[in-house]
Amino acid sequence: MSKEIKKLPLLPVRDVVIFPHASVPISLKRDKSVAGLEQSLNSDKNIFLVMQKNKDTDDPKKEDLFLVGTIAKITQVQRQPDGVINILVQGETKAKIKTFFQEDKLFEVTVEYIHEKEYPREDLEKLTRPLVEKFRQLITFGKPIPLDVLPTIFDLSNPLQSLDLMIFNMDLKALEKQSLLESKDIKDRIKKVEEFISRELSVIKTAKKIQDQTADQIGKTAKEVFLREQLKTIEKELGMKEEEQDFVELKNKLKEAKMPKDVAEKAFKEFDRLRKMPQFSPEVSFLRTYLEWLVDVPWSKKSESKIDIKQAEKILNKDHYGLNKVKERIVEYLAVQKLTGKIKGPILCFAGPPGVGKTSIGRSIARSLGRKFVKVSLGGIRDEAEIRGHRRTYVGALPGRIIQGIRDAGTNNPIFMLDEIDKLGYDFRGDPSSALLEALDPEQNHSFSDHYLEVPFDLSNVMFITTANILETIPPALRDRMEIIDFPGYTEEEKFHIAKEFLVPKQYETHGVKLNQLKIETKALAEIITKYTREAGVRNLERELARIFRKVAREITEGKSKSSTISENKLHKYLGPEKFQPWAAEKKNEIGVANGLAWTQVGGEVLSVEVNIMPGKGNLILTGQLGDVMKESAQASLSYARSKVVEFGVKDNFFKSTDIHIHIPSGAIPKDGPSAGITLTTALFSLLTKTPIRKEVAMTGEVTLRGKVLEIGGLKEKVLAAHRAGLRTIILPRSNKKDLEEIPAKTRKDLNFIFVDVMEDVLKSALVNLPSKISKKSPPNESIGPSISLA
């Protein structure tokens, strides 16, 4: 008879022998076993099962495996959350490994079927029947056998099937079962099985006899002790006692959690479900995790806020320099809370460029209030479930970031900072900003519902603080729920004080350098701020200071110097060449060049506006990376200038044959906004009337077609930029006069502010000698023509 050969994935099993006709559950976790399972599932679901010689071997090689095993069919697969895969296999036929086809990522072998010596079925039935009767006696003595297997064992229509199932269900050593599996002679196997059954039957009968004799002699008390000891042993073996203890502990935790009534009812209802579930049900771990979350959430735990207004102000001033508006608002909140005893938590939004102290002042608020501080970063979150949590039907479901943060805080009234709220995204999974609407609404958040917990949680005691760099990207409905507090960025003077009082002492402690080993001179510190950093905050300033301290620390440890004094001249040695050059004003009054002021996220800037004319066809050329709003502002400036310069002697047809080029240097940097309107108009007037512009004058303001000067924003940063650049006269819209309070008093004393309502006032103040208007009857000024070319 020819031997059939088949290629199959191999699954090594520990200390168990699979027989044909037997249905066996197996748990898998080893990488090779999982890979073999996946390959089998992707084909005909057949797999070759063979026992490994040593059950303690975690990564068996081919020499660690027996050659004879069983080809089985995978009937069920169940994947657990912890990565374990439970499968149910049905043995089909014996086979022997012929060759190992693969053994790196998984075992793959070719096997040949084992054909046993054939006997007539009647002969086999006669030989098997006595075995079945003896096996029946074993069952009557209490041998545990699965009930669904008994009919198949007692059915002698297939003697080989009955024999294999009896062997599989007998209490034999693994090696004894392996020898029976490898046996090719059926009669020889029947004889060995009969010996094993007779031996096991004799042992059980003897034990039963001794037990009967001993039972009569044991008194009531001794019997009770004996049974209790047996019960302890059984519980220990099955893990029942620890499991029962776990339930008792969990129930006590639920009682001690002091949940609201409706939440407690839900929790105990789920607890009862957990008690009734089978121990190996996959839902047990999910339900236990859910109940543990309910226990961990601080339903009634609060931080006792001891409000001391003076102490709070002291903490805020100690931790941060400047930021007076922010501190004032926080102290107001504390004062109201102290008077009323309770206040709905305000939703504050700290808006400003990076590095100005938005996050760190949140920690100071928590310190001044005596509350816990929680920070959650929202940058890049696109899934609504990150805020509200996942439904419990999903594998690996968890509560949202808000409930997780409350749990981590351990109290229900922390200071909760939602960082980078302007960087929330949205896609097909939902809109996280919409999920925040309920949490950040003081009228609704007393019953915030998380999808995972499915019970309301009171967020009204939480003080939410959000941070943002740009307000424009925050949805209007969400922005409306927040009180915006602007962080405009630090002035150079404020940076100097921050560096001196906070950053430098911090570097001494961080780098282990002593005060007598390093000294940074005042002028050097000021030069680091102006020539090595350009930012609204102080992060880069801190990095530059850290560079100096690291280099000095190295010199000290290498013995090159015992102490160092950092002066202006030594900055190049420690920090390299200057990274930024301060803006320099023109050396003399120029025609067609005006000084404008701009706002950026890192502070204010002075920009030169240059205008030139050349023969052409009346085109307006705009260069310097200008945005749409700024281009429109240039068009409006030109229209106003065209309507007015005729009064100064410019021909009516001048603009038809002349191209006008407006350029704003730093062409690689995008620029936009309407506030350069008066600067553009002044530069145009200067060029067309051949009148120089005062070099010490800076200006900012929006201009209309009728020449009115309108209010602009970012005044503080613009004025400070002009002061830093040495410009002492600044032309501003009159409606911005109220904003001068934001400018430090020391800076205001150094500057001359000119407030204007119309463009004529700007020209009078900016131009050196504005020519007088000529009568319409007078001949036009022939000297102004296309031959003018000024940079």
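Residues numbered from 1 in each chain as written. Predicted model: local features only at pLDDT ≥ 70, side-chain atom pairs only at ≥ 80, totals over all residues. Heavy atoms only, no water.

1. Regarding the overall build of the chain
Regarding its fold elements, the chain presents 26 helices and 24 strands. Intrachain contacts of the chain at a sequence separation of at least 6 include 74% that bridge at least 24 residues. Approximately 41400 Å² of the chain is accessible, and the part contributed by carbon and sulfur atoms is 51%. (Helix = DSSP H or I, 4+ residues; strand = E, 2+ residues; numbered from the N terminus. Contact = heavy atoms within 4.5 Å. Areas by Shrake-Rupley, 256 points an atom, 1.4 Å probe, with all protein chains shown as cover.)

2. Things to note about the pairing of strand 2 (residues 23–28)
Burial along strand 2 is one-sided: the face carrying V24, I26 and L28 is buried and the face carrying S23, P25 and S27 is not. Taken together, the 6 bridges between strand 2 and strand 5 (residues 85–102) define a ladder with antiparallel strand orientation. Bridge pairing links S23 to Q90 in strand 5. (Buried < 20%, exposed > 50% of the residue type's maximum accessible area, 1.4 Å probe, protein only. Pairing = 2+ DSSP bridges.)

3. Observations regarding helix 19 (residues 522–531)
Of the positions making up helix 19, those classed as buried are A524, L525, E527, I528 and I529. For helix 19, the secondary structure elements touched by its buried residues are helix 18 (492–511), strand 14 (518–520), helix 20 (539–557), strand 15 (564–566) and helix 21 (571–575).

4. Focus: helix 20
An α-helical turn contains 3.6 residues, so a residue and the one three or four places further along point in the same direction. In this model, helix 20 (19 residues) spans 27 Å end to end at C-alpha, consistent with the 27 Å of a helix rising 1.5 Å per residue. Considered for burial, the residues of helix 20 that qualify are L541, E544, L545, A546, I548, F549, V552, A553 and E555. Elements in contact with the buried residues of helix 20: helix 18, strand 14, helix 19, strand 15 and helix 21. Of the residues flanking the end of helix 20, it is G559, one or two places downstream, whose phi is positive at about 80 degrees. (Expected span 1.5 Å × (residues − 1).)

5. Description of the packing of aromatic side chains
A complete count under the given rule lists 8 aromatic pairs for this structure. On the numbers, 6.3 Å between centres and 20 degrees between planes, the contact of F753 with F755 is stacked. Taking NZ or CZ as reference, K177 lies 5.5 Å from the ring centre of F168, over its face. We note R392 situated over the ring of Y290; from NZ or CZ to the ring centre the distance is 3.8 Å. (Phe/Tyr/Trp six-rings, centres within 6.5 Å; stacked < 30°, edge-to-face > 60°. Lys NZ or Arg CZ within 6 Å of the ring centre and 35° of its normal.)

6. Some words on the sheet that holds strand 13 (residues 483–486)
Overall, parallel pairing links the 5 strands, which are arranged 8-9-12-7-13 in an open sheet. Unpaired on one side and paired on the other, strand 8 (373–377) and strand 13 mark the two borders of the sheet. Each strand axis lies, on average, 20 degrees off the axis of its neighbour in the sheet, ignoring direction. As judged from the 5 bridges shared by strand 7 (residues 347–351) and strand 12 (residues 463–468), these two strands associate in the parallel manner. Bridge pairing in strand 12 links I347 to F464. Lying on the sheet, helix 12 (residues 324–340) is in contact with strand 7, strand 12 and strand 13; it crosses strand 13 at an angle near 145 degrees. Against the sheet, helix 13 (residues 358–369) engages strand 7, strand 8, strand 9 (415–419) and strand 12, with an angle of about 175 degrees to strand 9. (Axes fitted to C-alpha atoms, helices over the stretch in contact; angles between N-to-C directions.)

7. Things to note about the confidence of the model for the chain
Interpretation of this model should avoid reading the predicted coordinates in detail wherever pLDDT is low. Averaged over the chain, the pLDDT score is 82; the fraction of residues at 70 or greater is 90%. Within the model, pLDDT remains below 50 along residues 774–791, and this stretch shows 32 contacts once partners closer than five positions in the same chain are excluded. (pLDDT = per-residue confidence, 0-100.)

8. Some points on the nonpolar core
With 60 residues, the main nonpolar core has F48 and L49 as its most contacted residues. The greatest single-element share of this core, amounting to 6 residues, is contributed by helix 6 (residues 186–217). Ranked by size, the runner-up nonpolar core spans 52 residues in total, among them A257, V374, I402 and A409. (Core = buried A, V, L, I, M, F, W, Y, C linked by side-chain atoms within 4.5 Å.)

9. Quick notes on the pairing of strand 9
For strand 9, the tally of buried residues reaches 5 of 5 residues, placing the bulk of the element in the interior. Burial of the side chains of strand 9 extends over both faces: I415, M417 and D419 are buried on one face and F416 and L418 on the other. In this structure, strand 8 lies alongside strand 9, joined through 5 bridges in parallel fashion. The partner of K375 across the bridge, within strand 9, is M417.

10. Description of unusual backbone geometry
For D15, which is not glycine, the phi torsion reads 55 degrees and is therefore positive. The phi dihedral of K690 falls on the positive side, at around 55 degrees, and the residue is not glycine. Counting through the fold element by element, K690 comes out in the loop between helix 23 (677–689) and strand 20 (697–699).

11. A closer look at the pattern of salt bridges
According to the stated counting rule, one finds 35 salt bridges in the structure shown. Notably, a salt bridge pairs R481 with D441, separated by 3.5 Å at the nearest N-O pair. Of this pair, R481 sits in the loop between helix 17 (476–480) and strand 13 while D441 sits in the loop between helix 16 (432–439) and strand 10 (448–449), and the two are 40 residues apart along the sequence. Using a relative accessible area of 26% as the deciding quantity, one classes R481 as partly exposed. For K738, the salt bridge is made with D739, and the minimal N-O distance between the two is 3.9 Å. Residues joined by salt bridges that share partners form a network here, namely K266, E270, R273, E283, R392 and E454. (Salt bridge = Lys/Arg side-chain N within 4 Å of Asp/Glu carboxyl O.)

12. Structural notes on the environment of R129
Checked against the element boundaries, R129 lands in helix 2 (residues 121–140). For the pair R129 and S162, spaced 33 residues apart in sequence, the C-alpha to C-alpha distance is 9.6 Å.

13. Description of the side chain of K94
Inspection of the secondary structure assignment puts K94 in strand 5. A polar side-chain atom of K94 sits 3.0 Å from the main-chain carbonyl oxygen of L181. In contact with K94, other than residues within four places in its own chain, are P20, G69, T70, Y113, I114, E116, L181, S183 and R189. (Polar contact = N/O pair within 3.5 Å; in protein donor to acceptor, adjacent residues only side chain to side chain.)

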